[in-house]
Amino acid sequence: MPDRPDPVDLLRSMLLIRKFEEALAFQPDRGFQLLSSGEEAVAVGVCAALDDRDQLLSSGRSIGPALARGIEPHLVMAELLGKISGPNRGKGGRGHLASPDDGFFGAHAVVGGNLSIAAGVSLAAQLEGRGAVVACIFGDGACGAGALHETLNIAALWKLPLIFVCDNNGFSISTPVARGVAAERLSDLAIPFGIPRRTVDGMDVFAVYEAAREFADVARRGDGPGFLECRSERFASHSTSTRETRSNEELAAARERCPILHLGARLEADGTLDAAGRSALEKDVEELVSRAIRFSGEAPRPSPDDALSDVV
Amino acid sequence: MPDRPDPVDLLRSMLLIRKFEEALAFQPDRGFQLLSSGEEAVAVGVCAALDDRDQLLSSGRSIGPALARGIEPHLVMAELLGKISGPNRGKGGRGHLASPDDGFFGAHAVVGGNLSIAAGVSLAAQLEGRGAVVACIFGDGACGAGALHETLNIAALWKLPLIFVCDNNGFSISTPVARGVAAERLSDLAIPFGIPRRTVDGMDVFAVYEAAREFADVARRGDGPGFLECRSERFASHSTSTRETRSNEELAAARERCPILHLGARLEADGTLDAAGRSALEKDVEELVSRAIRFSGEAPRPSPDDALSDVV
Amino acid sequence: MSSRRLFFNEAIARALAEEMEREDKLVVLGQDVGAYGGAYKEFAGLYERFGAQRVRDTPVAEAATIGIALGAAAAGLRTLVSITYMDFLILGLEPLVNYAAKARYKTGGAVRVPAVVKTTAGAKGQGVAHAQCIESWLMGVPGLKVVAPSNPADAYGLLKTSLREEGPVVFVDHKRLFSTAGEVPETNEVSMPLGKAAIVRPGTDVTLAAHSYAVRIAVEAAERLEPAGVSCEVIDLRTLAPLDVESIGESVARTRALVTLEEGQPACGVGSEVAFRVRERLDVGIRVARVAARPAPVSSNAVLEAEVLPDAARVVETTLTLLEGR
Amino acid sequence: MSSRRLFFNEAIARALAEEMEREDKLVVLGQDVGAYGGAYKEFAGLYERFGAQRVRDTPVAEAATIGIALGAAAAGLRTLVSITYMDFLILGLEPLVNYAAKARYKTGGAVRVPAVVKTTAGAKGQGVAHAQCIESWLMGVPGLKVVAPSNPADAYGLLKTSLREEGPVVFVDHKRLFSTAGEVPETNEVSMPLGKAAIVRPGTDVTLAAHSYAVRIAVEAAERLEPAGVSCEVIDLRTLAPLDVESIGESVARTRALVTLEEGQPACGVGSEVAFRVRERLDVGIRVARVAARPAPVSSNAVLEAEVLPDAARVVETTLTLLEGR
Ligand SMILES: Cc1ncc(C[n+]2csc(CCOP(=O)(O)OP(=O)(O)O)c2C)c(N)n1
Ligand SMILES: Cc1ncc(C[n+]2csc(CCOP(=O)(O)OP(=O)(O)O)c2C)c(N)n1
Ligand SMILES: [Mg+2]
Ligand SMILES: [Mg+2]
């Protein structure tokens with residue numbers, strides 16, 4: 001792992017998530033989806049701090065994390081659209097997408113449900129002793145759940161190599177975080193357990209990366225877990241079938257903070273990526289997305305017989 | 001409620017618990033019991049801060065709390081021994097003893113299980129608006145449970161009139177608190193939620209009373225919950241049928257801290273209670289205990305038919 | 001009696017509004033039940049009308065939320081707590097099963113818990129952890145009542161009754177029911193007791209017993225079987241605990257054949273219980289079959305979901321096989 | 001094969017010790033499983049032998065403890081997690097039911113969870129929340145295996161097999177069994193497959209089907225019925241999922257009568273499932289009855305506990321009534 005990730009790679013990764021989700025939204029049979037648009041910097045920043053040994057787990061808002069971790073977009077798309085060529089043969093879908101071989105141990109659609117599982121994965125890593133770490137992305141909503149407390153406590157007691165990544169997008173469906181969690185900063189939840197903590201701008205991919213990297217280094221050294229709160233914005237309603245509860249002004253203000261916009265502008269300003277480079281990048285990404293759409297469009301659905309396989 | 005409880009009353013209350021449990025231990029059919037000996041000051045100190053409107057809930061270690069709250073000893077004894085004259089007709093026993101009319105809403109033998117129930121009772125009190133508060137006694141073991149986190153959070157969000165009383169006797173069965181909870185002070189668990197907290201000597205009934213009183217006043221004013229950790233000692237093994245895991249030296253050191261011994265000595269030293277007064281007090285208490293044994297000995301067991309009553 | 005056409009979710013909101021109007025002590029708690037009006041708008045209008053004290057959004061903390069609702073009810077309020085999906089009820093079963101179901105018993109009558117736990121069962125494209133029907137678990141918990149209506153009128157009537165019970169009731173609705181419509185009587189009266197099944201379609205050859213959304217499937221199957229010369233009596237269980245074995249038994253005593261239908265798993269399911277109880281009651285031989293989910297999780301994948309869930313075609317087939325050589 | 005007399009708890013400890021010796025990746029987690037050796041000494045000696053890394057005391061946090069055990073197993077370890085009483089398993093059902101049971105399915109085979117959740121069911125004077133038998137809930141969860149031995153040899157054999165399974169197994173023991181003794185073969189081999197019931201007492205007039213501690217009650221009832229001229233075949237189910245319907249069916253095909261017995265509640269219980277499956281299989285009429293707990297919580301009160309729990313007397317009475325006018 002390079003000491004500092006290439007900013008153009010980070011931009012590309014975020015752009016991929018954005019364009020992937022835009023394309024997904026146009027698919028007629030896309031079903032029930034939770035989109036990561038607006039929150040790309042969280043997944044991309046965290047994944048930039050992970051290496052091949054490591055594992056990532058996410059909540060049901062899994063598209064950004066899965067792509068950021070490097071699962072091929074056409075495979076992700078196939079899974080989301082219920083095709084047999086997905087990594088889970090179309091059985092998992094968005095809520096349960098998993099590809100452990102790619103370092104994405106999986107999404108779990110139960111809020112807070114991924115926390116103790118992630119701690120278990122990190123226990124296996126700890127006992128294996130190869131210095132692998134596990135990152136678990138969960139929402140602000142999950143911070144109300146007892147699973148967080150139990151897992152923080154055990155992770156601290158056992159010094160598990162686990163990074164708690166709270167993607168605080170400000171809402172649990174319609175409930176603003178201030179009415180869902182009494183803590184002023186969600187990273188304060190780590191205080192009682194003596195777990196090191198950071199709250200960063202979740203729209204700044206470098207801020208996320210640096211904090212995640214710091215905690216990854218700590219965990220790899222055997223010094224236990226870290227808690228990283230990333231303050232982000234969700235650009236769409238909770239899910240593709242949920243009513244939006246924010247006003248147009250609120251939405252516009254959220255979109256102002258777009259991580260892609262900001263990183264793009266910065267890279268243009270400092271000369272890292274000129275207009276030509278940028279449009280090449282966009283084309284690359286669009287090509288990947290078109291391929292994903294094509295591939296998943298052609299891929300077969302499972303047959304009814306598959307309904308009874310891999311049960312026990 | 002007087003502004004400061006009579007120290008002799010506190011001593012009497014603690015003595016009652018101790019002698020009651022000593023007598024209970026001699027009952028042949030006493031069954032499976034969790035004793036409060038050593039931890040009397042926690043229950044007695046907390047109850048001194050409660051008034052008639054208030055409710056107390058306890059863990060399965062309920063004998064001290066129930067007696068401290070003022071349920072008649074003969075009724076408690078009858079319940080513990082499975083007699084129909086107990087407040088729960090002998091159905092609840094030690095693990096589920098309850099007498100809401102006496103302000104003892106009940107014990108709950110599931111570790112951490114009483115927390116959210118207590119919060120519910122405090123929500124009812126809050127909406128009723130008569131200034132009642134609820135205290136919930138739980139062990140250090142319960143501090144590992146997610147129920148605590150969820151309840152602390154909601155209690156803080158809703159400013160519930162609830163006192164979280166952690167009776168930290170240092171162990172959950174065989175597991176020392178340091179291996180059960182990563183927090184250095186258990187009251188630190190309140191920090192993230194902005195809940196005021198105190199850690200006091202749980203062997204000093206006044207220290208407990210004063211802190212409980214402070215939190216009760218806060219809660220009564222509508223300013224929400226408090227978290228009180230009382231550091232105590234359990235004098236016996238976890239239950240009457242559990243193997244002791246401490247060495248004789250450890251046990252002797254624990255018993256050195258006896259809250260009754262200390263308060264007794266103090267009251268003798270400052271002239272509040274001379275030898276004659278003390279022996280009168282002991283006689284009183286012994287009389288109550290003998291009466292409890294007599295009453296419960298004569299009281300009938302339920303009949304088999306009672307097994308199917310009060311189900312739905 | 002005059003009636004009005006309402007959607008299932010409207011029937012729930014109306015029942016709640018009327019009961020909250022009548023009983024000041026009734027408080028509603030749950031995720032997004034406030035201004036948002038609930039995942040299926042089944043709480044629409046309550047927050048505006050009764051305010052934030054009585055219609056309370058909760059954090060994502062099913063266990064404590066249920067515990068708080070139960071504790072508050074035990075202490076003198078009445079509460080309805082909404083658990084968005086039955087899969088998440090699993091998180092809060094501890095206080096429901098270990099405290100509320102046993103509170104009256106273990107206190108010798110000193111404490112009662114007049115609370116309703118409302119939750120939504122069933123699959124509709126959301127995947128393995130947003131699809132389960134585990135109402136059969138609750139049927140074996142002494143102290144709990146379990147209600148599972150199939151239509152707006154019953155949702156209205158049974159919810160009102162549930163909200164006046166003295167002990168805990170689990171009210172199970174279904175994702176696919178909220179947008180179904182039906183006539184609901186224009187009355188504020190409570191006249192629908194728990195524990196009464198309903199014959200929703202009379203017939204003579206076989207009794208189909210179902211609850212919740214599966215009743216609609218049973219009716220569809222009955223309609224398809226009619227041209228084949230099979231007359232089905234469809235019984236809507238409505239309440240699973242107490243179970244109206246008498247009504248089902250009477251029907252089966254006439255038809256001599258029983259097909260149970262449920263969306264949940266067959267093993268230790270509602271159907272096995274209904275079948276056992278009915279057979280225990282009748283002293284004649286009867287034919288029995290059960291239809292339920294196939295033994296697999298319910299994927300979000302449309303092909304797999306459809307294959308695992310029971311449908312009218314399977315009911316038809318099972319019924320025809322059962323009656324073969326009658 | 002030579003054998004040795006062991007107590008049930010010793011049989012568990014021995015199976016675990018042997019499997020931990022054989023498989024470095026096997027880790028044990030639970031409250032007081034370390035130096036203390038478990039509530040019933042069923043983990044005695046493991047901590048001393050395998051150390052604190054592999055025999056881990058956990059906080060009172062059933063949900064996360066189970067989740068961690070499952071996650072660790074999913075990621076390459078093998079785990080056994082101890083949940084002191086089945087009543088507390090309710091707190092940790094979420095990861096078991098929503099994650100582990102579905103992991104293989106939902107990942108299309110990419111993830112498997114070779115974990116054993118060991119827990120103790122049954123009543124023995126500890127009251128309403130330390131007494132429950134809810135194994136029937138788990139029988140309806142696709143993806144779970146459920147094992148419930150009745151004697152030391154089976155505890156040993158089935159635990160060893162469970163520890164080598166590729167998916168999650170719930171291993172249910174019973175408070176009253178730990179101090180019972182029996183011969184256990186002196187072999188390190190695994191030769192007891194899941195899904196095989198055992199005839200523990202042959203007979204001709206009626207089949208008594210039970211699992212766990214209830215098998216002992218069934219045998220006692222059979223002994224009492226013998227002088228009355230009733231020959232009982234007692235079948236020990238041993239595994240509840242998969243259920244060995246074939247063996248039970250064969251027995252009932254001979255005896256033409258089935259009495260199921262379990263300590264849990266009857267509604268949607270093990271017995272109703274066994275009865276349904278057996279009847280489905282046989283094309284002759286059979287007599288069936290079930291014996292289970294009476295429909296009430298199980299109090300710590302000795303009188304009430306005894307009244308609610310099934311015993312040999314009730315099995316005898318039920319069997320005689322069933323066979324009346326044979
Ligand atoms: C235990 C549980 N309760 C409720 C839900 C329904 N639910 C799905 S997503 C969601 C919002 C969670 O909010 P947050 O954790 O902030 O994640 P976000 O959706 O904002 O990414 C809820 C409540 C669930 N999936 N699991
Ligand atoms: C949820 C749950 N898990 C486990 C138990 C078993 N158990 C009974 S008491 C106890 C010890 C709890 O320790 P603590 O909370 O410190 O209370 P103490 O016994 O020290 O008073 C345990 C683990 C239980 N009753 N409930
Ligand atoms: Mg959020
Ligand atoms: Mg303790």
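Residues numbered from 1 in each chain as written. Chains lettered and ligands numbered in written order. Predicted model: local features only at pLDDT ≥ 70, side-chain atom pairs only at ≥ 80, totals over all residues. Heavy atoms only, no water.

Draft legend 1. Seen up close, the coordination of the magnesium ion (ligand 3). Coordination of the magnesium ion (ligand 3) by the protein involves A:Asp140 (OD), A:Asn169 (OD1) and A:Phe171 (O), with metal-donor separations of 2.0 to 2.1 Å. All donors to the magnesium ion (ligand 3) come from one chain, and their sequence spacing reads D-x28-N-x1-F. (Donors = N, O, S within 2.8 Å, 3.2 Å for Na, K, Ca; no water.)

Draft legend 2. Representation of the relation of the copies chain D and chain C in the model. Mapping chain D onto chain C calls for a screw motion: a turn of 180 degrees about the axis and a shift of 0.0 Å along it, with 0.0 Å RMSD after fitting. Such a turn and shift between the copies fits a two-fold axis. When C-alpha distances to the rotation axis are compared across chain D, the minimum falls at D:Cys268, with a value of 2.3 Å. The fraction of interface residues of chain D whose copies in chain C are also interface residues reaches 100%, indicating that both copies meet through the same surface. (Least-squares fit on C-alpha atoms with pLDDT ≥ 70 in both. Contact = heavy atoms within 4.5 Å.)

Draft legend 3. Inspection of the domain arrangement of chain C at higher detail. All names here are of chain C. What the domain assignment reports for chain C is domain 1 (3-185) and domain 2 (198-323). Counting residues at the interface gives 27 residues for domain 1 and 24 residues for domain 2. Put simply, domain 1 and domain 2 have two salt bridges between them. Of the charged contacts in the structure, one is a salt bridge between Asp-154 and Arg-238, with a shortest N-O distance of 3.2 Å. Seen at the junction of domain 1 and domain 2, the total is 13 residue pairs in polar contact (both at pLDDT 80 or more). Going through the elements one at a time, helix 6 (135-139), strand 6 (145-147), helix 7 (152-163) and strand 7 (169-174) are the ones with two or more residues in the side of domain 1 that touches domain 2. Residue composition of the side of domain 1 that touches domain 2, by class: twelve nonpolar, nine polar and six charged. (Domains from an automatic or database assignment. Salt bridge = Lys/Arg side-chain N within 4 Å of Asp/Glu carboxyl O. Polar contact = N/O pair within 3.5 Å; in protein donor to acceptor, adjacent residues only side chain to side chain. Helix = DSSP H or I, 4+ residues; strand = E, 2+ residues; numbered from the N terminus. Nonpolar A, V, L, I, M, F, W, Y, C, P; charged D, E, K, R; others polar.)

Draft legend 4. Layout of the site of ligand 1. Near ligand 1 you find 19 residues, and of these A:Arg61, A:Asp140, A:Gly141, A:Asn169 and C:Glu62 are the closest. Lying at an intersection of chains, ligand 1 is approached by residues of chains A and C. At 2.8 Å, a backbone N or O of A:Gly141 approaches an oxygen atom of ligand 1. Burial of ligand 1 by the protein amounts to 93% of the accessible area it has alone, namely 570 Å². Here the shell around ligand 1 is built from residues that sort into nine nonpolar, seven polar and three charged. (Near = heavy atom within 4 Å. Areas by Shrake-Rupley, 256 points an atom, 1.4 Å probe, with all protein chains shown as cover.)

Draft legend 5. Here's a closer look at the interface of chain D and chain C. On the chain C side, the residues contacting the 40 residues of chain D number 40 residues. Buried area between chain D and chain C, summed over both chains or domains, comes out near 3,500 Å², and the portion from carbon and sulfur atoms is 70%. Here chain D is connected to chain C by two salt bridges. The closest approach of N and O atoms between C:Glu273 and D:Arg290, which form a salt bridge, is 2.8 Å. At the boundary of chain D with chain C, the tally comes to eleven residue pairs in polar contact (both at pLDDT 80 or more). Elements with a minimum of two residues in the side of chain D that touches chain C: helix 5 (93-106), helix 6 (135-139), helix 10 (270-281), strand 14 (287-291) and helix 11 (302-308) of chain D. The class makeup of the residues in the side of chain D that touches chain C is 24 nonpolar, eight polar and eight charged. (Buried area = accessible area lost by both parts, 1.4 Å probe.)

Draft legend 6. Region of interest: the interface of chain A and chain B. Every contact between the two is made by 21 residues of chain A and, on the other side, 21 residues of chain B. Buried surface at the junction of chain A and chain B, summed over both partners, amounts to about 1,500 Å²; 62% is from carbon and sulfur atoms. Taken as a group, A:His149, A:Ala182 and A:Pro192 account for 36% of the area that chain A buries against chain B, more than any other trio of residues on that side. The interface formed by chain A and chain B includes zero salt bridges. Counting the contacts that link chain A with chain B gives eight residue pairs in polar contact (both at pLDDT 80 or more). Of all the secondary-structure elements, those providing two or more residues to the side of chain A that touches chain B are helix 7 (146-158) and helix 8 (177-180) of chain A. Residue classes in the side of chain A that touches chain B are distributed as twelve nonpolar, five polar and four charged.

Draft legend 7. Local environment of the coordination of the magnesium ion (ligand 4). Residue and element names in this part refer to chain B. Around the magnesium ion (ligand 4), the protein contributes the donor atoms Asp-140 (OD), Asn-169 (OD1) and Phe-171 (O), which lie 2.0 to 2.1 Å from the metal centre. Positions of the donor residues of the magnesium ion (ligand 4), expressed as sequence spacing, correspond to D-x28-N-x1-F. You can see Asp-140 sitting in the loop between strand 3 (134-139) and helix 7 (146-157) and its partner Asn-169 sitting in the loop between strand 4 (162-168) and strand 5 (171-172), a full 29 residues away along the chain. When sorted by exposure, Asp-140 lands in the same class as Asn-169, which is buried. (Buried < 20%, exposed > 50% of the residue type's maximum accessible area, 1.4 Å probe, protein only.)

Draft legend 8. Molecular detail of the side chain of D:Asp57. Structurally, the position occupied by D:Asp57 is in strand 3 (residues 55-57). Exposure remark for D:Asp57: the relative accessible area of 10% places this residue in the buried category. There is a polar contact of 3.2 Å between the side chain of D:Asp57 and the side chain of B:Arg179. Within the structure, D:Asp57 has its side chain in polar contact with the backbone nitrogen of D:Asp32 (distance 3.4 Å). Ignoring any residue separated from it by four or fewer positions in sequence, one finds D:Asp57 in contact with A:Trp158, B:Thr175, B:Arg179, D:Gly30, D:Gln31, D:Asp32, D:Val33 and D:Gly34.

Draft legend 9. Here's a closer look at helix 8 (residues 213-225) of chain D. Residues and elements named next belong to chain D. Between its first and last C-alpha atoms helix 8 spans 19 Å; for 13 residues at 1.5 Å apiece the expected length is 18 Å, and the two agree. For helix 8, the full list of buried residues reads Ala-214, Val-215, Ile-217, Ala-218, Ala-221, Ala-222 and Leu-225. Viewed end-on, helix 8 has its buried residues packed into an arc of 160 degrees, placing them on one side of the element. (Expected span 1.5 Å × (residues − 1). Arc of directions from axis to C-beta.)

Draft legend 10. Up close: the relation of the copies chain A and chain B. For the pair chain A and chain B, the best superposition has an RMSD of 0.0 Å and corresponds to a rotation of 180 degrees with a translation of 0.0 Å parallel to the axis. Mapped onto chain B, 100% of the interface residues of chain A are again interface residues, and the two copies thus contact each other with one and the same surface.

Draft legend 11. Up close: the site of ligand 2. In the vicinity of ligand 2 lie 19 residues, with B:Arg61, B:Asp140, B:Gly141, B:Asn169 and D:Glu62 positioned nearest. Neighbouring residues of ligand 2 are distributed over chains B and D. Here an oxygen atom of ligand 2 and a side-chain polar atom of B:Ser172 are 3.3 Å apart. Here D:Glu62 contributes a side-chain N or O atom positioned 2.6 Å from a nitrogen atom of ligand 2. Contact with the protein chains hides 93% of the accessible area of ligand 2, taken as 570 Å² for the molecule alone. Considering only residue class, the shell around ligand 2 consists of nine nonpolar, seven polar and three charged.

Draft legend 12. Quick peek at the nonpolar core. Membership of the largest hydrophobic core comes to 253 residues, with the highest contact counts inside it found for C:Leu96 and D:Leu96. Other than its neighbours up to four places away in sequence, D:Leu96 contacts D:Ile66, D:Leu70, D:Leu89, D:Ala101, D:Val117, D:Leu138, D:Leu144 and D:Val170. (Core = buried A, V, L, I, M, F, W, Y, C linked by side-chain atoms within 4.5 Å.)

Draft legend 13. Focus on the pattern of salt bridges. Scanning all chains against the criterion turns up 84 salt bridges over all chains. Between A:Asp188 and A:Arg185 there is a salt bridge, with the nearest N and O atoms lying 3.2 Å from each other. Classification of A:Asp188 by relative accessible area gives buried; the value is 12%. Under the relative-accessibility criterion, A:Arg185 is labelled partly exposed at 38%. One continuous salt-bridge network, built from bridges that share partners, spans C:Arg14, C:Glu18, C:Glu19, C:Arg22, C:Lys160 and C:Arg164.

Draft legend 14. Main features of the sheet that holds strand 14 of chain D. Residue and element names in this part refer to chain D. As summarised here, the arrangement of the five strands in space is 9-11-10-13-14, forming an open sheet in which the pairing is mixed. The sheet is open, and its two borders are formed by strand 9 (198-201) and strand 14, each paired with just one other strand. In this sheet, adjacent strand axes meet at a mean angle of 25 degrees when their direction is disregarded. Bridge count between strand 10 (residues 206-210) and strand 13 (residues 257-261): three bridges; the pairing is parallel. Each residue of the ladder has a partner; that of Thr-207, found in strand 13, is Leu-258. Helix-sheet contacts for helix 12 (residues 312-323) involve strand 10, strand 13 and strand 14, and the interaxial angle to strand 14 is about 160 degrees. (Pairing = 2+ DSSP bridges. Axes fitted to C-alpha atoms, helices over the stretch in contact; angles between N-to-C directions.)

Draft legend 15. Geometry of the side chain of A:Gln33. All names here are of chain A. Tracing the backbone shows Gln-33 in the loop between helix 1 (7-26) and helix 2 (40-48). Look at Gln-33 and you get buried, because its relative accessible area is 1%. Polar side-chain contacts of Gln-33 include one of 3.5 Å to the backbone oxygen of Leu-80. With residues up to four places along the chain from it excluded, the contact list for Gln-33 reads Leu-24, Ile-63, Leu-80, Arg-94, Ser-239 and Thr-240.

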